[in-house]
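Listed below are the residues making up each chain.
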Amino acid sequence: MLARLASPRTGGLLALAVVIALLPLALSNKYFYDVAILVGLNAIVCIGLNLLIGYAGQISLGHAGFFGLGAYGSAVLASRYGWPPLAALLATTGAVAMLAYVVGRPILRLRGHYLAMATLGLGIIIFMIISTEDKFTGGPDGISVVPFSVAGFALQGERVWYWVVGALLLVAVWLGLNLIESPTGRALRALHSSEVGAEVVGINAAEHKLMVFVVSAVFASVAGSLAAHYSGFVTPSKVTFLHSIELVTMVVFGGLASTFGAVVGAVVLTTLPQLLAAFEDYEMMVFGAVMIGTMIFLPRGVVPSLARLLRPRRAGGAAGKDSLA
Amino acid sequence: MKFTQAGYRFKLGLAAAAAAFALVAGPAVAQQPIKIGAFLSVTGGAAFLGDPEQKTLELYVGKINDAGGVLGRKLQLVAYDSAGDAEKARTFAKRLIEQDKVDVIVGGSTTGETMAVVPLVEAAQIPFISLAGAVVIIEPVKKWVFKTPHTDRMACEKIFVDMQARKLSKIALISGNGGFDKSMRAQCLGVAKKYGIDVIADETYGDKDTDMTAQLTKIKNTAGVQAVLNAGFGAGPAIVTKNYRQIAISVPLYQSHGVASKAFIKLAGAAAEGVRLPAAALLIADNLPASDPQRSVVVNYEKEYESHFKSDVSTFGGHAYDGLMIAVDAIKKAGGTDKAKVRDAIEATHGYMGTGGLVNMSATDHLGLDLTAFRMLEVKGGDWTLVK
Amino acid sequence: MSAQFMQYLLTGITVGAIYALVALGFSIIFNASDVINFAQGEFVMIGGMATMSLIAAGLPYGLAIPLAVAAAALVGLALEKFAVEPARGASVVTLIIITIGASIFLRGLATLVWDKNLHAVRPFTGDAPIAIAGATILPQSLWVIGVTLAIVLALSWFFGRTLLGKAMLATSHNRLAAQLVGINVRMVLFMSFGLSAALGAVAGILIAPITTTSYDVGVMLGLKGFAAAILGGLGSGLGAVVGGIVLGVAETMSAGYVSSAYKDAIAFVIMLAVLFFLPSGLFGKRGGDRV
C-alpha cells in the first residue's frame, strides 16, 4: 500500500490534490487566485504538449494556435451566436480535434526542424486569420465573452473558478499518466527512441503520432475555452508565436517526459513575469536567459534532474524515461 | 533619465511594499498615501503610447508630491507594464485592485487592454480613466469608465470636415491590421456618408509590412480618387507616406491622430510635406497665438516633459497628464478617496483645460471633448503648422 | 496594367533581396551545424539600429556601416560561444529553444541599449524616385539589389575558391569526413555564426532607410527569411537567394492582384505548402534517413 503511494501515479496525484486543496490558505486575495487559475490553465495545456514533445518526441511551435481556436470558438459561439457555453465548448473541442486530425497527417510526416517550422507556420496562420476576420472575432481588439454557465448555474468569481480549474487539472494529470502507462504510451516511448525501430516491431508510427497530436490539441483547446470564459474577454495576444514559445519553454523547463514536470514548468514560468513586474525593463532579457540557461545546464528539465539527484542508484539499469512520471 | 526612472520605480516598489504592510496592519486611514494605479504598454508594439504615458505619470506624481501632495497626503504611483497584452492588463488590473488596493486607475494604453479591464473595474466599483482611443470605450457609457484621448470617430469627423472644405468627396482608405487601424477604419466608413464622403477604395496592409507600394499602386490606378486617408498607427503610416511620394500620387494625403508626433516627420522625412492630420494643440504648442486658451497648459507641459526627459513631447503623454490631473482634481473635490464620490466628481468635470482640449463631462459623456479639441495640422517646412 | 505589374515586380525584388540575405544567413549556419538560428532576425535588427545610432553620433556612412556589421558579427560569435557550443549534441528541441531564447534576450537587450521607438535612417544616396517602365523605384532599392548581388557573388567566390570557404562547404556535406581530413569543425561553426550575423546586419542596414528600424524589426523579417530558406531548400545558398526573391515577388503580387489583407500570411502558406509537398524545397538535398 505504501509502495503504491510512493508510485508516481497515485502518490504524485495525491500530493497534487493536497496542494490544490491547501493552497487557498496562502492565497489572500483575488489577484493571487487569478494567478493560480492562470497557472492551472497553462498547466493543462502543458500536460498535453508534454505528451507530444516529451513522450512522442515531436515538437509543436504553434500550440497557442489550438489554445486560441478553443478560446475564440467558445467566445464566438457563446457570445455572438448565443449558444449555451457547454455546447459551445464541446462543439469547439470537436472542431479543433478534427482540424488537428486533418492537418496533423501531412504535418507529422515531417521531422525535426521541418516539423517545427510547419507547426510554427500553422500557428501564425491561425493567428492571422483570427486577427483579420474581425467581423467574427472582433479583430485585434477582441471580443467580450459571456460567463460559463451550466443549467442556469454560472461560474463567477475567482474562488469558484479556482476549484473548477484545480479539479480539471487533476483530471488532466490523471489522463496524462494513464495514457503513458497504457499500450499507447509504451508505443509512444518506443517511437521516441527510434521511429524506424518501433515500426519494425509493428507499431504504426503515423497513427500514434497523430493521436497524440490530436490529444494535445484537445487539451489546449479546452484550456483555451475555459480561459476565455474566465477572463470574460479574448484577444489575439494569446494566439501569438511568443505564447507558443512560452508553452514549449514551460514543458521543456519543467521536464520533458514528465507530467508533473509540465505542471512545475507552468507554475514557474507563469508566476515569473508577475514576480519580475518591478523589473519590466529586464523582463525580456531574463526570460531569454532563463530559456538558454535551462537548456544548457538542465537539458532534461527541472523535475527529472531533481528526481535524478534524489533517486537512489538502481542496480542494473539507468533511471530511464519510463521510471519518471 | 534612465536613472530617474529606475529610482522612481525602486522607491515606488519599496513604498508599495511598505504601504501593503501598513494596510494589512490596519491602522487609521488618515495619512496614508493616495494610490494611483496604472497599467500601461511600456514595452511591446504599443510602447510608443505607454512609454511617454508612464514618464508623464511619474514626473507629475513627483511634482505634485513636491508641492505638498493632495489633501495633505502624498500621491503614490503603482504602475505595471502590460506590454499591449489584454490578458496581462487584466491580471495587472486585478493586482492593482486586489493586492495594491489603489484608489483610482489611470491607464490602459490600448483599446484591447482597456476593454478587457472594464468588467473588472465595474465589478470592483473603482474609477478608471482610460488612455485609449476607440469610441467603444465610452459608448455605451459605463458608470466607472472614463477616457481622455479624442475618439477615433472624432478624428474621422475632423478629417471629413476638412475634406469638405477642400471640396474633396471621393476618397481612398488605407489602413493597417492593428486594433487602432481597424477601429478607426470602421468609424470612418460609418460616418462618411454624413459628411458627403464616398470611400471608393479600401486597402489594408500588415502592421509589420515594410512596403505598401502594391496597395498604393492599386489606389493610384482607381479612377476619381481625390484624397487618401491612412487610418494608421505605428510604423506603417511613415512607410505609406514615403511610398506615396515615391510612386508620385498627387492627391492630398491625410494621416490619423495616431501619428501626431514630431517622430512621424523624422521617420517620413521630406515625404511628409503637405500631409494633414487632426491633433491635439500640444503638437504646435509654441505656435499657438497668445490668446489661445489652451496655450499655457500645453506650453508648460511641453517645457516640463522635454527638459526632464530630453525627448520630444508626445500627445499620448499629454493624455496621461490630463487623466492624472482630472483624477487629482476629482479627489480634491470629493474631499477624499471614497471611490463613489471620486467617480461622481470625475463625471462632474467641467471647464478643465487639458492638453487634449476643453473637457466638459456629464453622465452621458465620459470623454468631454468636442471637435474643437482637435486642430487640423499640416506639415510645412518639416514641422507641424496649424491649418487656417 | 503593365506599369502596375512592373511596380509590383520591382518592389517584390527589393523586398525579396532582403529575404534572400536573411535566408542565406540561415542556410550557412544550418549547413555548419544543423541548427536553425531563430536569432537571425535580431542580427538584421542590430545592423540597422547600430548604424542608426552611429550615424546619429556623427560618423559618416563609410565608418558606421563596417562598425555596425562588425558589432553584429561579434554578437553572432558570442551567441555561438555562449549559447550554442555549450549545448553541442543536444536535441533539436533544445537547440531551437536556445536560439529562440537568444533572440528574446537580444531583443530585451536592444530596448536597453537603444530604446523602443522607431528610427529613420538616411538613404545612402538620396531618395528621389527613379522611373523604370512606368514604375518607380527608390535609389535605396537599387542599393539593396546591387549589394545583394555583390554579396552572392562574393560568397560563391568564398565558398568556391578560399580554403576557409571550402572547409565550411566540406563540413556541411559531411562533418565526420571533414574532421577526418583535418578541418577544425568547431572553428567552422564559430565562423559560420559570425558570417551569418554579418549577412543579417548588412540586410538590416540596406533596408533600414526604406522601412525605418526599431528593436523588434527582426521578428517578422526573421520568420519570412525562414520561409524563404525553406522554399529554396534549407542548406542551399542558391535556394536561399531564389527562395527569397520568389517569396518577395509572390507577396507583392498577391497583395496587388488578390487581397492585401493576408499579405503577411502568404509567406507562411507557401512555407506550409512547400513542407507538405516538397519538403526539401526547390534546391535542397533530397536526403534519406539513417536508421
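The model shown is predicted, which means the values in this text are computed figures rather than measured ones.

Visitor: What is the right way to read the confidence of the model for chain C from this model?
Guide: Predicted coordinates in regions of low pLDDT should not be interpreted in detail. In this model, chain C carries a mean pLDDT of 86, and residues with pLDDT of at least 70 account for 97%. Listed scores for the predicted complex are pTM 0.87 and ipTM 0.87.

Visitor: Looking at this structure, I do not really get the packing of helix H14 (residues 280-297) of chain A against helix H4 (residues 92-113) of chain C. What am I missing?
Guide: In a pair of packed helices, the angle between the axes and the distance between the axes together describe the arrangement. At a minimum axis distance of 7 Å, the contact between H14 of chain A and H4 of chain C shows a crossing angle of 155°. As far as their axial angle goes, H4 of chain C and H14 of chain A are roughly antiparallel. The two elements H14 of chain A and H4 of chain C cross, and the hand of that crossing is left-handed. In terms of residue class, the contact of H14 of chain A with H4 of chain C is made up of 17 nonpolar, 5 polar and 2 charged.

Visitor: What am I meant to see in the sheet that holds strand E4 (residues 128-130) of chain B here?
Guide: Two modes of strand pairing occur in sheets, parallel and antiparallel, and in both the strands are linked by backbone hydrogen bonds. Residue and element names in this part refer to chain B. Here 5 strands make up an open sheet; going across it, the order is E2-E1-E3-E4-E5 and the pairing parallel. The strands lining the two open edges of the sheet, one partner per strand, are strand E2 (75-81) and strand E5 (145-147). Averaged over all pairs of adjacent strands, the angle between strand axes in this sheet comes to 25°, irrespective of strand direction. Note that strand E3 (residues 104-107) and E4 share 3 bridges and pair parallel. Following the sheet pairing, Gly107 is matched in E4 by Ser130.

Visitor: Explain the pattern of salt bridges here, please?
Guide: Any two side chains of opposite charge can pair if their charged atoms end up close together. Per the counting criterion, the structure on display carries 25 salt bridges over all chains. Lys94 of chain B is the partner of Glu158 of chain A in a salt bridge, and the nearest nitrogen-oxygen pair spans 2.2 Å. In this pair, Glu158 of chain A is assigned in helix H8 (residues 158-181) and Lys94 of chain B in helix H3 (residues 86-99), connecting two distinct chains. For the pair Glu158 of chain A and Lys94 of chain B, a shared accessibility class is recorded, and that class is buried. Where Asp264 of chain C meets Lys224 of chain C, a salt bridge forms, and the shortest distance between an N and an O atom there is 2.7 Å. In this pair, Asp264 of chain C is assigned in helix H11 (residues 263-277) and Lys224 of chain C in helix H9 (residues 218-232), connecting sequence segments 40 residues apart. By relative accessible area, Lys224 of chain C is classed as buried at 5%. Three or more residues joined by partner-sharing salt bridges are found here, namely Asp34 and Glu158 of chain A together with Glu87, Arg90 and Lys94 of chain B.

Visitor: What's the story with the interface of chain A and chain B in this structure? I'm lost.
Guide: How big an interface is tends to be expressed through the accessible area that disappears when the partners come together. With 24 residues of chain A in contact, the opposing surface of chain B contributes 25 residues. Summed over both partners, the interface of chain A with chain B buries about 2300 Å², with 52% contributed by carbon and sulfur atoms. Contact with chain B buries surface across chain A, with Tyr31, Asp141 and Glu280 of chain A losing the most and accounting together for 27% of the total. At the junction of chain A with chain B, the criterion picks out 4 salt bridges. Our count for the chain A to chain B interface comes out at 13 residue pairs in polar contact (both at pLDDT 80 or more). Elements with a minimum of two residues in the side of chain A that touches chain B: helix H3 (30-55), helix H6 (112-132), helix H11 (205-231) and H14 of chain A. No other element matches H3 of chain A, which puts 5 residues into the side of chain A that touches chain B. When its residues are assigned to classes, the side of chain A that touches chain B shows 8 nonpolar, 7 polar and 9 charged.

Conventions and cut-offs
Residues numbered from 1 in each chain as written. Chains lettered and ligands numbered in written order. Predicted model: local features only at pLDDT ≥ 70, side-chain atom pairs only at ≥ 80, totals over all residues. Heavy atoms only, no water. pLDDT = per-residue confidence, 0-100. Axes fitted to C-alpha atoms, helices over the stretch in contact; angles between N-to-C directions. Helix = DSSP H or I, 4+ residues; strand = E, 2+ residues; numbered from the N terminus. Parallel < 35°, antiparallel > 145°, perpendicular 65-115°, else oblique. Left-handed = near helix turned anticlockwise from the far one by under 90°. Nonpolar A, V, L, I, M, F, W, Y, C, P; charged D, E, K, R; others polar. Pairing = 2+ DSSP bridges. Salt bridge = Lys/Arg side-chain N within 4 Å of Asp/Glu carboxyl O. Buried < 20%, exposed > 50% of the residue type's maximum accessible area, 1.4 Å probe, protein only. Contact = heavy atoms within 4.5 Å. Buried area = accessible area lost by both parts, 1.4 Å probe. Polar contact = N/O pair within 3.5 Å; in protein donor to acceptor, adjacent residues only side chain to side chain.

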